[in-house]
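A look at the structure
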Amino acid sequence: MSEENSSRGWIIGLAVVVLVALGAYFYLTSAPEPEAPPPTVSEPEPEPEPGLELEPEPEPEVADTSEPEPAPEPERELPPLNESDEEVRKDLLSLAPDGALGRWLVSDEVIRKWVAAVNAASSGQMMAKNRPYKSPRGSLAVEKQGATGMTLSEDNYRRYDTPVRLLANMDNDAAMALYRFWYPRLAEAFGELGMPDKTFHSQVLKAIDVALDAPEADQPIQLVRPSVYFKFADPKMERLPGVHKLMIRMGPDNAARVQEKLRALKSELEQFQPPQ
């Protein structure tokens, strides 16, 4: 909406309020006063006949029109880890409108796969198999130019636009509510990895820090193709951890949006005290 349209809408709304107020004022001040009713002549009530007792008339019963208070909803039970896929995926889908996350999320071993992915990301690594999400469709977009004869095309960045937008628009409070609810099962799945000196919550915070530490790459990004796969021409970039490479491949604008969201989530997560 443009500034002009916004101002026009505000003025129209104000005018409606003023007209309604003036109309109410005019009605209250100009309505004719009701005529006084004619005086009534009271007649003496007839005396009851001797020996006849008058019973008082019963007062009419007043119907109870108040609505009954709704019964409290039963407290939601946490399903067992091995039976959690359907419910946890449904909760994840609720974080975006119209089930938009459906095309990106797997439907089996959801909690275990997310726990494994977070644990890998805490050390900067990306899981090659058994990911809890589906990679963007399409192959790496490359342009023929530059010193090496090929650079990473900006068209490649657009492959990440939709998932990044969904992440950026996700409600933080809703996400934290789900995190708190499912944390016992997340911790249970993390316990299966056999690292008693760590917690899932600490690994989440470490994974966020890794993504926030991703460097910005000079544009355009030079590529080489020594075999089947493309690689960064700069050896230092090629040695970066997988999470940093992902942040570079999604483009500077998308990476900035992801990092902004992660900072907000980290602030919320740092206030959460996981149960022991």
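What counts as what
Residue numbers run consecutively from 1 along every chain, following the written order of its sequence. Side-chain atom pairs in this predicted model are given and counted only at pLDDT of 80 or more, local residue features only at pLDDT of at least 70, and totals for whole chains, interfaces and linings cover all residues. To obtain the side-chain values, all non-hydrogen atoms of the structure were used and water was disregarded. The numbering of helices and of strands both runs from the N terminus, where a helix is a DSSP run of H or I of at least 4 residues and a strand a run of E of at least 2. Relative accessibility under 20% of the residue-type maximum defines a buried residue, over 50% an exposed one, and the middle range a partly exposed one, all with a 1.4 Å probe and only protein chains included. In this description, contact between two residues means that some pair of their heavy atoms is separated by no more than 4.5 Å. All accessible areas in this document rest on Shrake-Rupley with a 1.4 Å probe, and a residue is counted as covered only by the protein chains that are shown. For patch building, the residue pool is restricted to those with more than 30% relative accessible area and no salt bridge; the joining distance is 9 Å between like charges and 5 Å between nonpolar side chains (Val, Leu, Ile, Met, Phe, Trp, Tyr). The working definition used for a salt bridge is a side-chain nitrogen of Lys or Arg within 4 Å of a carboxyl oxygen of Asp or Glu. Within this scheme the basic residues Lys and Arg register as positive and the acidic residues Asp and Glu register as negative, but His and the chain ends are omitted. By convention, the point assigned to a charge is CZ for Arg, NZ for Lys, CD for Glu and CG for Asp. As a per-residue measure, pLDDT reflects the predictor's confidence and takes values from 0 up to 100.

**Overview of the overall build of the chain**
Looking only at helices and strands, the chain features 10 helices and four strands. Starting at the N terminus, the α and β elements of the chain follow one another as α-α-α-β-β-α-α-α-α-β-β-α-α-α. Among the 276 residues that make up the chain, the fraction classed as buried is 30%. Sequence separation of at least 24 residues holds for 66% of the intrachain contacts in the chain that already meet a minimum separation of 6. Carbon and sulfur atoms make up 55% of the accessible area of the chain, which totals about 20,300 Å².

**Some remarks on a negative patch on the surface**
A cluster of like negative charges, contributed by Glu-143, Glu-154, Asp-161 and Asp-253, occupies part of the molecular surface. Relative to the helices and strands, Asp-253 is located in helix H10 (residues 252–269).

**Quick notes on the confidence of the model for the chain**
Residues at a pLDDT of 70 or more form 75% of the chain, whose mean pLDDT is 81. Scored below 50 in pLDDT, residues 1–38 makes two contacts in the model with residues more than four places away or belonging to other chains.

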